[in-house]
Amino acid sequence: VQLVESGGGLVQPGGSLRLSCAASGFTFSQYFMSWYRQAPGKEREWVARISTAGGIKNYADSVKGRFTISRDNAKNTVDLQMNSLKPEDTAVYYCKPVGPDYWGQGTQVTVSS
């Protein structure tokens, strides 16, 4: 199993980033997928979740209205569009299938002026 997150970087407050996660080694289309994040010194927290066909999306209150999760089952990818970024969004972001304990290496997002 491989989960490879990409798209992180340094962005100013109010800016946008689009994260992508490429999955392999499991039947991607059969799993809900989630994004998590972990800020320095804090517990890992759930950010967003998308159903197998993409019709159901759920978000943590802290990102609702700013982040959008999407997926492409033909490409085995799940994305996270992040708008109106805040310094408190700074964290390492991970994608994960709901259920199996599979994790990638994460991608660093830093929101700072």
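Residues numbered from 1 in each chain as written. Predicted model: local features only at pLDDT ≥ 70, side-chain atom pairs only at ≥ 80, totals over all residues. Heavy atoms only, no water.

Enquirer: Give me the lowdown on the side chain of S34, citing residues and values where you can.
Expert: Within the secondary structure layout, S34 lies in strand β4 (residues 33–38). S34 gets classed as buried once you look at its relative accessible area, which sits at 2%. In terms of polar contacts, S34 uses its side chain to reach the side chain of W46, at 3.4 Å. Of note is the side chain of S34, whose polar atom sits 3.5 Å from the backbone oxygen of A48. (Helix = DSSP H or I, 4+ residues; strand = E, 2+ residues; numbered from the N terminus. Buried < 20%, exposed > 50% of the residue type's maximum accessible area, 1.4 Å probe, protein only. Polar contact = N/O pair within 3.5 Å; in protein donor to acceptor, adjacent residues only side chain to side chain.)

Enquirer: Run through the sheet that holds strand β6 (residues 57–59), naming residues and quoting values.
Expert: By way of backbone hydrogen bonds, the strands of a sheet pair with one another, either parallel or antiparallel. Spatial ordering of the open sheet is given by β2-β10-β9-β4-β5-β6, a layout of 6 strands whose pairing is mixed. Two strands lie at the open edges of the sheet, namely β2 (9–11) and β6, each paired on one side alone. Within the sheet, the average angular offset between the axes of one strand and its neighbour, ignoring direction, is 25°. Note that strand β9 (residues 91–97) and strand β10 (residues 107–111) share 3 bridges and pair antiparallel. Directly across from V92, in β10, lies its bridge partner Q108. (Pairing = 2+ DSSP bridges. Axes fitted to C-alpha atoms, helices over the stretch in contact; angles between N-to-C directions.)

Enquirer: If you had to explain the pairing of β10 to someone new, which residues and values would you point to?
Expert: Burial of the side chains of β10 is restricted to one face: T107, V109 and V111 are buried, whereas none of Q108 and T110 on the reverse face is. With 3 bridges connecting them, β2 and β10 associate as parallel partners. Its bridge partner lying in β10, V11 is registered against V111.

Enquirer: Give me the lowdown on the packing of aromatic side chains, citing residues and values where you can.
Expert: Considering all chains together, one arrives at 5 aromatic pairs under this definition. Here the aromatic rings of F26 and Y102 are separated by 5.7 Å at their centres, their planes lie at 50°, and the arrangement is tilted. Residue F26 is located in the loop between β3 (17–24) and β4, and its partner Y102 is located in the loop between β9 and β10; the two are separated by 76 residues in the primary sequence. For Y102, a relative accessible area of 30% translates into the label partly exposed. In textbook terms, an aromatic cluster arises when at least three aromatic residues are bridged by ring pairs, as seen for F26, F28, Y31 and Y102. The side chain of R44 reaches across the aromatic face of W103, ending 4.1 Å from its centre. Across the ring face of F28, the terminal group of R71 is positioned such that the distance to the ring centre comes to 4.4 Å. (Phe/Tyr/Trp six-rings, centres within 6.5 Å; stacked < 30°, edge-to-face > 60°. Lys NZ or Arg CZ within 6 Å of the ring centre and 35° of its normal.)

Enquirer: Provide a residue-level description of the pattern of salt bridges, including the pertinent values.
Expert: According to the stated counting rule, one finds 5 salt bridges in the structure shown. Close ionic contact of R37 with D89 constitutes a salt bridge, the shortest N to O distance being 2.9 Å. Here D89 lies in the loop between β8 (77–82) and β9 and R37 lies in strand β4, a separation of 52 residues in the sequence. Judged by relative accessible area, R37 falls into the buried class, the value being 5%. Linked by salt bridges that have partners in common, R37, E45, R66 and D89 make up one network. (Salt bridge = Lys/Arg side-chain N within 4 Å of Asp/Glu carboxyl O.)

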